[in-house]
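# Remarks on the overall topology
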Amino acid sequence: MAEAVWRIIRREGLEGVSVRRVAEEAGMSLGSLRHYFDSQSALLAFSMRLVAERIKKRIQSLPQDGDLRENIEALIGQIVPLDDERLAESQIWIAFSTFALTEPGLRPLSREIHDALRDMFRNIFESLVEAQRLKPGLDTELEAKRFHALVDGLLLHGVIAPEALRAEEIAGIIARHLDSLLVR
């Protein structure tokens, strides 16, 4: 069902998402779907939670036994549009976040996901500090925010103009940013 929502959003934007349209897309009866979702907001929240869960599962399944830098690049790679699956998730995230600005019922979930990402970047920098991998004199709180903003921007650019910012360029920009922060 969430996949039906995603297909509609990718094809038609949020305007195309309605309980009726999702039921049609999923091949379900309207009554069956309304039993679980009574509004567009409920469908979007469900779909966004599923995106967040998918990303979380991928991150949790990453091996943590390699180089810290490689682990960070792999972690960030799970949230930027490096393939069709992550592009679709990024499109959903942007559509959801935009819609949540004007839909009070979705703001808490949007903020929850944003805060989880912010915490992930803080944790990355705590790990780098603990491993003594950061260049001296860096403000770790500021650098965590800057890295978060960079990744958000790459995600946005990767969705808006994927032909202008290819996956390998996104990965390269992330690597170069890490080069600017880490001691060798």
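For the structure, check the block above.
Reading the values: rules and limits
Residues numbered from 1 in each chain as written. Predicted model: local features only at pLDDT ≥ 70, side-chain atom pairs only at ≥ 80, totals over all residues. Heavy atoms only, no water. Helix = DSSP H or I, 4+ residues; strand = E, 2+ residues; numbered from the N terminus. Contact = heavy atoms within 4.5 Å. Areas by Shrake-Rupley, 256 points an atom, 1.4 Å probe, with all protein chains shown as cover. Lys, Arg positive; Asp, Glu negative; His and termini not counted. Charge placed at Lys NZ, Arg CZ, Asp CG, Glu CD. Axes fitted to C-alpha atoms, helices over the stretch in contact; angles between N-to-C directions. Parallel < 35°, antiparallel > 145°, perpendicular 65-115°, else oblique. Nonpolar A, V, L, I, M, F, W, Y, C, P; charged D, E, K, R; others polar. Phe/Tyr/Trp six-rings, centres within 6.5 Å; stacked < 30°, edge-to-face > 60°. Buried < 20%, exposed > 50% of the residue type's maximum accessible area, 1.4 Å probe, protein only. 1 Å grid on protein atoms, 1.4 Å probe; cavity = no way out; pocket = protein on both sides within 12 Å on 5 of 7 lines; lining within 4 Å. Points joined across faces, edges and corners; volume = space filled by probe spheres on them.

## Describing the overall build of the chain
- A count of helical and extended segments in the chain gives nine helices and zero strands.
- In the chain, the order of α-helices and β-strands from amino to carboxyl end is α-α-α-α-α-α-α-α-α.
- The principal-axis extent of the C-alpha atoms belonging to the chain is close to 60 × 30 × 30 Å.
- A fraction of 62% describes how many contacts in the chain between residues 6 or more apart in sequence connect residues 24 or more apart.
- Summed over all atoms, the accessible surface of the chain reaches about 10,100 Å², with 53% contributed by carbon and sulfur.
- Between the averaged position of the 24 positive side-chain charges in the chain and that of its 29 negative side-chain charges there is a distance of 2 Å.

## What to know about the packing of helix α1 (residues 2-12) against helix α4 (residues 40-60)
- At a closest axis distance of 9 Å, the pairing of α1 and α4 adopts a crossing angle of 100°. In terms of their interaxial angle, α1 and α4 are classed as roughly perpendicular. Contacts between α1 and α4 pair Ala2, Glu3, Val5, Trp6 and Ile9 from the former with Leu43, Leu44, Phe46, Ser47, Leu50, Val51 and Arg54 from the latter.
- Of the residues assigned to the contact of α1 with α4, the class counts are nine nonpolar, one polar and two charged.

## What to know about the packing of aromatic side chains
- The tally for this structure, following the rule as stated, stands at four aromatic pairs.
- Centroid distance Phe121 to Phe147: 5.4 Å. Interplanar angle 75°. Geometry classified as edge-to-face. With a gap of 26 residues between them, Phe121 in helix α7 (residues 107-130) and Phe147 in helix α8 (residues 140-160) connect regions that are remote in the sequence.
- Note on Phe147: relative accessible area 0%, which makes it buried.
- With 6.2 Å between their ring centres and 85° between their planes, Phe125 and Phe147 make a pair best called edge-to-face. A residue pair is termed long-range when its members are at least 10 positions apart, and Phe125 in helix α7 and Phe147 in helix α8 qualify at 22 residues. Each member of the pair, Phe125 as well as Phe147, is classed as buried.

## Observations regarding the layout of surface pockets
- Volume-wise, the largest pocket comes out at about 610 Å³.
- Along its surface, the largest pocket is lined by 26 residues, and Ala52, Ile55, Ile113, Ala116 and Leu117 are the ones closest to its centre.
- Of all the elements, α4 adds the most residues to the lining of the largest pocket, at nine residues.
- Taken together, the residues of the lining of the largest pocket sort by class into 15 nonpolar, four polar and seven charged.
- As a volume, the second largest pocket reaches approximately 210 Å³.
- Contributing to the lining of the second largest pocket are Trp93, Ile94, Ser97, Thr98, Ala100, Leu101, Arg107, Ser110, Arg111, Asp152, Leu155 and Leu156.
- For the lining of the second largest pocket, the secondary-structure elements that each account for two or more residues are α6 (84-100), α7 and α8.
- The element best represented in the lining of the second largest pocket is α6, accounting for five residues.
- Across the lining of the second largest pocket, the residue classes break down as six nonpolar, three polar and three charged.

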